[in-house]
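Observations on the model geometry
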Amino acid sequence: MADDQQEINSEEARAARGAEVRSRVGERIKQWVRDKTPANSQVERHSFAALQKKALEGQSKPGVAAKVRSALEAGHVVVKDEAKAAKSKIVMKTLGIAATVGAFFDPEPISKAALATAATGITVAEKAADLKAMKEARIAQKVTTMPNQADAHGKIVERILQMGNPSY
Amino acid sequence: MEEIVRRLVARIENSNLMDTDKDRLYVEMQHAIRSAVRQALISHVSKDDLKRLVHNRSAMTVDAYVRLICDAVKEEAVIEEMHQSMIDVLTTIEQALTEAGV
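Along each chain, residues carry numbers from 1 onward, in the same order as the chain's sequence is written. Each chain gets a letter, beginning with A, and each ligand a number, beginning with 1, in the order they are written. It should be noted that, the model being predicted, local features are given only for residues of pLDDT at least 70 and side-chain atom pairs only at 80 or more, the latter also being counted only at that level, while totals for whole chains, interfaces and linings use all residues. Heavy atoms throughout the structure, all of them, feed into the side-chain values; hydrogens and water do not.

1. Some remarks on the overall build of chain B
Only DSSP runs of H or I covering at least 4 residues are called helices, and only runs of E covering at least 2 are called strands; the numbering of each starts at the N terminus. Looking only at helices and strands, chain B features five helices and zero strands. Along chain B, from the amino end to the carboxyl end, the secondary structure elements read α-α-α-α-α. Overall size of chain B, expressed as C-alpha extent along the three principal axes, is 55 × 25 × 20 Å. For chain B, with 102 residues in total, the buried portion stands at 61%. The criterion used for residue contact is that any of the two residues' heavy atoms lie within 4.5 Å. Looking at chain B alone, contacts between residues at least 24 apart form 68% of all its contacts between residues at least 6 apart. Carbon and sulfur atoms form 47% of the exposed surface of chain B, whose accessible area is close to 4,200 Å². Computing the positive centroid from 13 side-chain charges and the negative centroid from 18, chain B places the two 7 Å apart. Buried means the residue's accessible area, taken with a 1.4 Å probe over protein chains only, is under 20% of the maximum for its type, while exposed means over 50%, and partly exposed covers the values in between. Note on areas: these come from Shrake-Rupley sampling with a 1.4 Å probe, and a residue is covered only by the protein chains present in the view. The charge count includes Lys and Arg as positive and Asp and Glu as negative, but it does not include His or the ends of the chains. A charge is said to be at NZ when it belongs to Lys, at CZ for Arg, at CG for Asp and at CD for Glu.

Rendered as structure tokens:
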């Protein structure tokens, strides 16, 4: 009985701690977004969102991401030089993320204040889908990772950086 | 950048946070990265081309949109800026975790 109560308290404490950590991280991200968003860029953000909405109507996100990625990579063939392998890897990873960004609709409204409120400006549906994908990555990690394996968190890292393959 | 993500994941995984909280933090990280890239991307899109496209609905095609993005990212300096921006936001997250004792 006492053990059960202790366990409940401990779970509550963990939940409270988790909420505190998430809140702190969320606030810092919001602040970062606020600081990095130029006050005079609102027109461009609105125009970009309007273009994105119209241009991507009826298109699948993975399809658009693949199209953007392929076009971006075609414009950067020179960096595939093996002598620049490390830099190339960074460039390709960045292009992949840029392609994903291109395939995702910007939320509306996208004023500076709204961006700050939503932290990263991602819709609730996207958050839920990303959370589901992250849970799946965690499960896959637990199933496939041997203790002491060098890349013990590889699948989670991969999922965070993958982005180009949204499952929704 | 990938190294910072690995470091952050290791810190979070080794903490006593619940799995659900860990996953939420990862999703926040993912969105922060996306936000960093989006900001850099939009700041390099040609304002003239964007204006022209937005004022002509029939020109707002997926191909025009892809071309606009490619033109914005054709300079390697822009990719470096995006990369740096991702590092910046991840470093901010790292600092927040330190402050939170994770």
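2. Side note on the overall build of chain A
When helices and strands are counted, chain A shows seven helices and zero strands. When the helices and strands of chain A are listed from N to C terminus, the series reads α-α-α-α-α-α-α. Out of the 168 residues belonging to chain A, those deemed buried represent 40%. For chain A, the proportion of contacts with a sequence separation of at least 24, taken over those separated by at least 6, is 65%. Here chain A displays about 9,100 Å² of accessible surface, and carbon together with sulfur accounts for 56% of that area.

3. Brief notes about the interface of chain A and chain B
Counting residues at the interface gives 71 residues for chain A and 67 residues for chain B. Put simply, buried area is how much 1.4 Å-probe accessible surface two parts lose in total, over both of them, once they are put together. Taken together, both faces of the contact between chain A and chain B bury some 6,700 Å²; the carbon and sulfur share is 68%. We count a salt bridge whenever a side-chain nitrogen from Lys or Arg sits within 4 Å of a carboxyl oxygen from Asp or Glu. Viewed at the interface, chain B and chain A are joined by five salt bridges. Among the ionic pairs, Glu 99 of chain B bridges to Arg 24 of chain A, the shortest N-O distance being 3.4 Å. Mapped by element, the contributors of at least two residues to the side of chain A that touches chain B are α1 (2–36), α2 (42–55), α3 (61–74), α4 (85–103), α6 (124–144) and α7 (154–162) of chain A. Basically, the charged four are Asp, Glu, Lys and Arg, the nonpolar ten are Ala, Val, Leu, Ile, Met, Phe, Trp, Tyr, Cys and Pro, and anything else, Gly included, counts as polar. Classifying every residue of the side of chain A that touches chain B gives 36 nonpolar, twelve polar and 23 charged.

4. Here's the deal with the packing of helix α2 (residues 19–44) of chain B against helix α5 (residues 76–99) of chain B
Residues and elements named next belong to chain B. Every axis in this analysis is a line fitted to C-alpha atoms, fitted for helices over the stretch in contact. Angles between the N-to-C directions lie between 0 and 180 degrees. Look at α2 against α5: their axes get within 9 Å of each other, and the N-to-C directions meet at 145°. For the pair α2 and α5, the crossing hand works out as right-handed. Residue-level contacts link Met 29, Ala 32, Ile 33, Ala 36, Val 37, Ala 40, Leu 41, Ser 43 and His 44 of α2 to Val 78, Glu 81, Met 82, Ser 85, Met 86, Val 89, Leu 90 and Ile 93 of α5. In terms of residue class, the contact of α2 with α5 is built from 13 nonpolar, three polar and one charged. The handedness criterion is simple: a crossing whose near helix is rotated anticlockwise from the far helix by less than a right angle is left-handed, and one whose near helix is rotated clockwise is right-handed.

5. Comments concerning the nonpolar core
Residue and element names in this part refer to chain B. Grouping buried Ala, Val, Leu, Ile, Met, Phe, Trp, Tyr and Cys residues that are joined through side-chain atoms within 4.5 Å yields what is termed a nonpolar core. With 70 residues, the main nonpolar core has Val 5 and Leu 90 as its most contacted residues. Sorting elements by how many residues they give to this core places α2 first, with eleven residues. Filtering out sequence-adjacent residues up to four positions away, Leu 90 remains in contact with Met 1, Ile 4, Val 5, Leu 8, Met 29 and Ile 33.

6. Re the side chain of Glu 94 of chain B
Residue and element names in this part refer to chain B. Looking at where Glu 94 falls in the secondary structure, it is placed in helix α5. Relative accessible area serves as the criterion here: at 14%, Glu 94 is assigned to the buried category. Residues contacting Glu 94, with those up to four places away along its chain left out, are Ile 4, Arg 7, Leu 8 and Arg 11.

7. Things to note about the packing of α7 of chain A against helix α1 (residues 2–13) of chain B
Axis separation between α7 of chain A and α1 of chain B bottoms out at 10 Å; the angle between their running directions is 125°. What the angle tells us is that α7 of chain A and α1 of chain B run oblique. Relative to α1 of chain B, α7 of chain A is oriented so that their crossing is right-handed. Contacts between α7 of chain A and α1 of chain B involve Gly 154, Ile 156, Val 157, Ile 160 and Leu 161 of chain A from the first element and Glu 2, Val 5, Arg 6, Val 9 and Glu 13 of chain B from the second. For this classification, under 35 degrees means roughly parallel, over 145 means roughly antiparallel, 65 to 115 means roughly perpendicular, and everything else is oblique.

8. A word on the side chain of Gln 39 of chain B
Among the structural elements, Gln 39 of chain B can be located in helix α2. Residue Gln 39 of chain B is classed as buried on the basis of its relative accessible area of 17%. Filtering out sequence-adjacent residues up to four positions away, Gln 39 of chain B remains in contact with Val 33, Lys 36, Thr 37 and Pro 38 of chain A.

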